[in-house]
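What the coordinates show
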Amino acid sequence: VQLQASGGGLVQAGGSLRLSCAASGRTFSRYGMGWFRQAPGKEREFVAGASESGGRTYYADSVKGRFTISRDNAKNTVALQMNSLKPEDTAVYYCAADRTPYYSGSTRSEDYDYWGQGTQVTVSS
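So, a few notes on the structure that sits alongside this text. All values derive from a computational prediction rather than experimental measurement.

Here's the deal with the pattern of salt bridges
Tallying each qualifying case throughout the model produces 8 salt bridges. As a salt-bridge pair, Arg56 and Glu52 come within 3.9 Å of each other at their nearest N and O atoms. The partly exposed category is assigned to Arg56, whose relative accessible area is 26%. Note on Glu52: relative accessible area 15%, which makes it buried. With its nearest N and O atoms 2.7 Å apart, the salt bridge here joins Asp89 to Arg66. Here Asp89 is found in the loop between strand 8 (77-82) and strand 9 (91-98), whereas its partner Arg66 is found in the loop between strand 6 (57-59) and strand 7 (67-72), with 23 residues between them in sequence. Of the residues examined, Asp89 reaches a relative accessible area of 1% and is grouped as buried. Overall, the relative accessible area of 10% leaves Arg66 in the buried class.

This is the structure we're talking about:
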């Protein structure tokens, strides 16, 4: 599967952005989907994940209550709605697909099999 992330940009603190990830192929609904981010000089970190149906979602503590992950299997897309953005949310954001059955929100990047190219999110103070 190929993933294409989009929607990044520059926003002021307190603002919102919506990231989208489009997937190719007919097996999208079989994959758990995750969003990760990587800030300069830092390791890639888990942000949010959604199960194959979207019925189970998982969040890093740092984004709970501010970010919402959702997916549309009919359109092969997964989105990350980011509200109340903070300067520390500045990073390159990646979408990723995990083909392991019964996705359980793994926070380990090595558990994901496919990655998008990343989209830059910059939050100014």
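Re the packing of aromatic side chains
Two numbers describe a pair of aromatic rings. These are the distance of the centres and the angle of the planes. Scanning all chains against the criterion turns up 8 aromatic pairs. By way of ring pairs, the aromatic residues Phe36, Phe46, Tyr58, Tyr94, Tyr103, Tyr112 and Trp115 are connected into one cluster. The lysine or arginine in question, Arg56, covers the ring of Tyr102, its NZ or CZ lying 4.2 Å from the ring centre.

As for the sheet that holds strand 1 (residues 3-6)
Pairing is antiparallel in the open sheet, where 4 strands are placed in the order 1-3-8-7. Edge positions in the sheet fall to strand 1 and strand 7, since each has one partner strand and no second. Within this sheet the neighbouring strands show an average axis-to-axis angle of 15 degrees, counted without direction. Pairing of strand 1 with strand 3 (residues 17-23) involves 4 bridges; the strand directions are antiparallel. Among the inter-strand pairings, Ala5 is bridged to a residue of strand 3, identified as Cys21.

Notes on the state of the cysteines
Tallied over the entire structure, the rule returns 1 disulfide. Disulfide pairing is shown between Cys21 and Cys95; the S-S distance is 2.1 Å. Where Cys21 bonds to Cys95 through sulfur, the torsion about that S-S bond is close to 65 degrees, and the disulfide is right-handed. Linking Cys21 in strand 3 with Cys95 in strand 9, this pair joins segments that are 74 residues apart in sequence.

Conventions we followed
Residues numbered from 1 in each chain as written. Predicted model: local features only at pLDDT ≥ 70, side-chain atom pairs only at ≥ 80, totals over all residues. Heavy atoms only, no water. Salt bridge = Lys/Arg side-chain N within 4 Å of Asp/Glu carboxyl O. Buried < 20%, exposed > 50% of the residue type's maximum accessible area, 1.4 Å probe, protein only. Helix = DSSP H or I, 4+ residues; strand = E, 2+ residues; numbered from the N terminus. Phe/Tyr/Trp six-rings, centres within 6.5 Å; stacked < 30°, edge-to-face > 60°. Lys NZ or Arg CZ within 6 Å of the ring centre and 35° of its normal. Pairing = 2+ DSSP bridges. Axes fitted to C-alpha atoms, helices over the stretch in contact; angles between N-to-C directions. Disulfide = S-S within 2.5 Å.

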